[in-house]
Amino acid sequence: MLRKIICLLALVLLSQCSSAWAEDMRFVDAEGFTGYYVDASTIYINPENDTSEAWVAVVKADKNRRYLYRMRFDRTHETYEIFQSEVQAYDTKEVLERNDLGRPPRHYGLNSPMNSIVAYIYEWQAEQIRANQKSY
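Residues numbered from 1 in each chain as written. Predicted model: local features only at pLDDT ≥ 70, side-chain atom pairs only at ≥ 80, totals over all residues. Heavy atoms only, no water.

## Points about the side chain of N46
In step 1: The residue N46 is located in strand 3 (residues 44-46) in this model.
In step 2: For N46, a relative accessible area of 18% corresponds to the buried category.
In step 3: At 3.0 Å, the side chain of N46 forms a polar contact with the backbone nitrogen of E48. (Helix = DSSP H or I, 4+ residues; strand = E, 2+ residues; numbered from the N terminus. Buried < 20%, exposed > 50% of the residue type's maximum accessible area, 1.4 Å probe, protein only. Polar contact = N/O pair within 3.5 Å; in protein donor to acceptor, adjacent residues only side chain to side chain.)

Right, dumping it as structure tokens:
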């Protein structure tokens, strides 16, 4: 009986771990060999202060690198802030560096990929709202 409980517990923990690492990367923009993606499964929008958070990936295909950033965007002030970052080998997803030190907010302009990411996040939210309205 104890063996069954331990096996069941292990199975539950493994299933939760794999779902925690599930990604739903959506292509947003590109410049040359660099692509910008948003993990739609991590998007959070705070309607009280017009900010959003998400994991963003910057893929540099010519260098075989993927840079992951946990970011907050302030649409009103046109700023972004990085809270965590990780550098990976793109082909194997091997983690090469990790950094949990935040960085101060930085401004982004109209032609910045960050502006495209913010626009994508709010369009994604609008699509979710439309999809929910259709299901009623």
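## Some points on the pairing of strand 2 (residues 34-39)
In step 1: With five of six residues buried, strand 2 is to be regarded as a mostly interior element.
In step 2: Where strand 1 (residues 25-31) meets strand 2, six bridges bridge the pair, whose relative direction is antiparallel. Pairing of M25 across the sheet is with D39, part of strand 2.
In step 3: Here strand 2 runs beside strand 4 (residues 51-60); their pairing, made up of five bridges, is antiparallel. Within the sheet, the bridge partner assigned to T34 lies in strand 4 and is K60. (Pairing = 2+ DSSP bridges.)

## Regarding the confidence of the model for the protein
In step 1: Overall, the predicted model of the protein reaches an average pLDDT of 86, with 83% of residues at or above 70.
In step 2: Predicted confidence for residues 2-20 stays below pLDDT 50, and this span has zero contacts to residues more than four positions away or in other chains. (pLDDT = per-residue confidence, 0-100. Contact = heavy atoms within 4.5 Å.)

## What about the side chain of T79?
In step 1: Tracing the chain through its elements places T79 in strand 6 (residues 79-89).
In step 2: T79 has contacts with R72, F73, D74, P105, R106, H107 and Y108, leaving out every residue within four places of it along the chain.

## Observations concerning the pairing of strand 6
In step 1: With nine of its 11 residues buried, strand 6 lies for the most part within the structure.
In step 2: Between strand 5 (residues 65-74) and strand 6, which pair antiparallel one after the other, the connecting turn spans four residues, and E78 there sits at a positive phi close to 55°.
In step 3: In terms of strand pairing, strand 6 meets strand 7 (residues 95-99) through four bridges, oriented antiparallel. Looking at the pairing, V87 lines up with E97 of strand 7.
In step 4: Hairpin remark: strand 6 followed by strand 7, antiparallel, with five residues in the connecting loop; positive phi at K93, about 65°.

## Section: the pattern of salt bridges
In step 1: Per the counting criterion, the structure on display carries seven salt bridges.
In step 2: Salt-bridge contacts for R66 lead to E23; the nearest nitrogen and oxygen are separated by 2.8 Å. Taken together, the positions of R66 in strand 5 and E23 in the loop between helix 1 (2-20) and strand 1 put the pair 43 residues apart, joining distant regions of the chain.
In step 3: Take E23: its relative accessible area is 42%, and that puts it in the partly exposed class.
In step 4: D24 is paired through a salt bridge with R26; the nearest N and O atoms lie 2.9 Å apart. (Salt bridge = Lys/Arg side-chain N within 4 Å of Asp/Glu carboxyl O.)

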